Structures are given as C-alpha cells and as structure tokens.
Amino acid sequence: EVQLLESGGGLVQPGGSLKLSCAASGFTFSNYAMSWVRQAPGKGLEWVSAISLRGGSTKYADSAKGRFTISRDNDKNTLYLQMNSLKPEDTAVYSCAKSKVFLGAVTTAISEYDYWGQGTQVTVSS
C-alpha cells in the first residue's frame, strides 16, 4: 500500500523558513518522480514543485522560484521542501504526490500524479 506522510509544517512569521518532509512507503521511491502540491483555504489544488527520479531535474511554480528548494533522499525514501522567505500567501496545506509513471520524467501536471499524502499545514502570519 502506497503511503505518503508529510511533516514539518507549522506557524511561521513572514520572511521565515520551514522544511517539509514526506516519508514514502509501499513502493520503490527511487523509481518515481515526485511533487509537492498545496491547497490554500477556499482555493483549488496548486502544483508547487517537482523532482526527477534521482533529483537531477527540478521544476518550480513561479510562486516558488527562488524561495523553495525541492530535494529527495532515495536511501531514506524521503522527499523534502525547503521553504524560505515565506509569505502570507504561502499559507496552505502542503502535500507530496507520487507520479503515475514508472521511471517517468518529471512532470508539472497534477493529473500525472496518483497518490497524495494527507498534508501538513503551513501558516504564515505575524
């Protein structure tokens, strides 16, 4: 059974930093591209960042470029999202997502992901 468990969220002041983690199990982590997505209150799901199988290729939404860094540790079956210079508009539930495609290329399309975790709340407020 595929399981994705996020952690690391919390309340942070504007300009602060957080590092999210996603522990994966139930599949061979290194064989799938992964992404982070988020959902703000009253809004739809937004893709944030994606990473290739071994981390050599990464992609970011415009809202995340220059502030967020996605990474992965295939030995630990864990995905990360380092978030710096946080803004109130970053407030959302952040979830990690597994690509549908075995050994597939990194993709930014939410429709290409088949499993999501429950998410971790990030609140940016003074």
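For the structure itself, consult the block above.
Right, let's walk through the structure included here. (Residues numbered from 1 in each chain as written. Predicted model: local features only at pLDDT ≥ 70, side-chain atom pairs only at ≥ 80, totals over all residues. Heavy atoms only, no water.)

1. With respect to the overall build of the protein
Phase 1: In terms of regular secondary structure, the protein is built from 0 helices and 11 strands.
Phase 2: Counting from the amino terminus, the protein carries its helices and strands in the arrangement β-β-β-β-β-β-β-β-β-β-β.
Phase 3: Computed over the C-alpha atoms, the radius of gyration of the protein is 13 Å, within 12% of the 14 Å expected from 2.2 N^0.38 for a compact globule of 126 residues.
Phase 4: C-alpha atoms of the protein, sized along the principal axes, occupy 40 × 30 × 25 Å. (Helix = DSSP H or I, 4+ residues; strand = E, 2+ residues; numbered from the N terminus. Rg over C-alpha atoms; globule rule 2.2 N^0.38 Å.)

2. Digging into the pattern of salt bridges
Phase 1: In this structure the tally under the stated criterion is 5 salt bridges.
Phase 2: Of the charged contacts in the structure, one is a salt bridge between Arg38 and Asp90, with a shortest N-O distance of 3.0 Å. Taken together, the positions of Arg38 in strand S4 (residues 34–39) and Asp90 in the loop between strand S8 (78–83) and strand S9 (92–99) put the pair 52 residues apart, joining distant regions of the chain.
Phase 3: On the accessibility criterion, Asp90 (0% relative accessible area) is buried.
Phase 4: The shortest N-O distance in the salt bridge between Arg67 and Asp90 comes to 2.7 Å. Remark: Asp90 occurs in the loop between S8 and S9 and Arg67 occurs in the loop between strand S6 (58–60) and strand S7 (68–73); sequence separation between them is 23 residues.
Phase 5: Overlapping salt bridges, with partners in common, bring together Arg38, Glu46, Arg67 and Asp90 in one network. (Salt bridge = Lys/Arg side-chain N within 4 Å of Asp/Glu carboxyl O. Buried < 20%, exposed > 50% of the residue type's maximum accessible area, 1.4 Å probe, protein only.)

3. Focus on the packing of aromatic side chains
Phase 1: For the structure on display, the rule yields 3 aromatic pairs.
Phase 2: The interplanar angle of 55° and the centroid separation of 6.3 Å between the aromatic rings of Phe27 and Phe29 together place this pair among those described as tilted.
Phase 3: When its relative accessible area of 1% is taken as the criterion, Phe29 is described as buried.
Phase 4: Residues Tyr32 and Phe102 carry aromatic rings whose centres are separated by 6.1 Å and whose planes lie at 65° to one another, so their mutual orientation is edge-to-face. You can see Tyr32 sitting in the loop between strand S3 (18–25) and S4 and its partner Phe102 sitting in the loop between S9 and strand S10 (113–116), a full 70 residues away along the chain.
Phase 5: Since its relative accessible area comes to 14%, Tyr32 is described here as buried. (Phe/Tyr/Trp six-rings, centres within 6.5 Å; stacked < 30°, edge-to-face > 60°.)

4. Some remarks on the nonpolar core
Phase 1: The biggest cluster of nonpolar side chains holds 27 residues, and the ones touching the most others in it are Trp36, Phe68, Leu79, Leu81, Met83 and Tyr94.
Phase 2: It is S3 that contributes the most residues to this core, 4 residues altogether.
Phase 3: Each residue touching Met83, except ones within four places of it in the same chain, is listed here: Gly16, Ser17, Leu18, Leu20, Arg67, Phe68, Tyr94 and Val122.
Phase 4: Listed in part, the 7 residues of the second largest apolar core include Val37, Ala50, Ala61 and Ala97. (Core = buried A, V, L, I, M, F, W, Y, C linked by side-chain atoms within 4.5 Å. Contact = heavy atoms within 4.5 Å.)

5. Here we look at the state of the cysteines
Phase 1: By the definition in use, this model includes 1 disulfide.
Phase 2: The disulfide that involves Cys22 links it to Cys96, with 2.0 Å between the sulfurs. Measuring the twist about the S-S bond at about 55°, one finds the Cys22-Cys96 disulfide to be right-handed. With Cys22 in strand S3 and Cys96 in strand S9, the pair connects residues that are 74 residues apart, well separated along the chain. Like Cys22, the residue Cys96 is buried in the burial classification. (Disulfide = S-S within 2.5 Å.)

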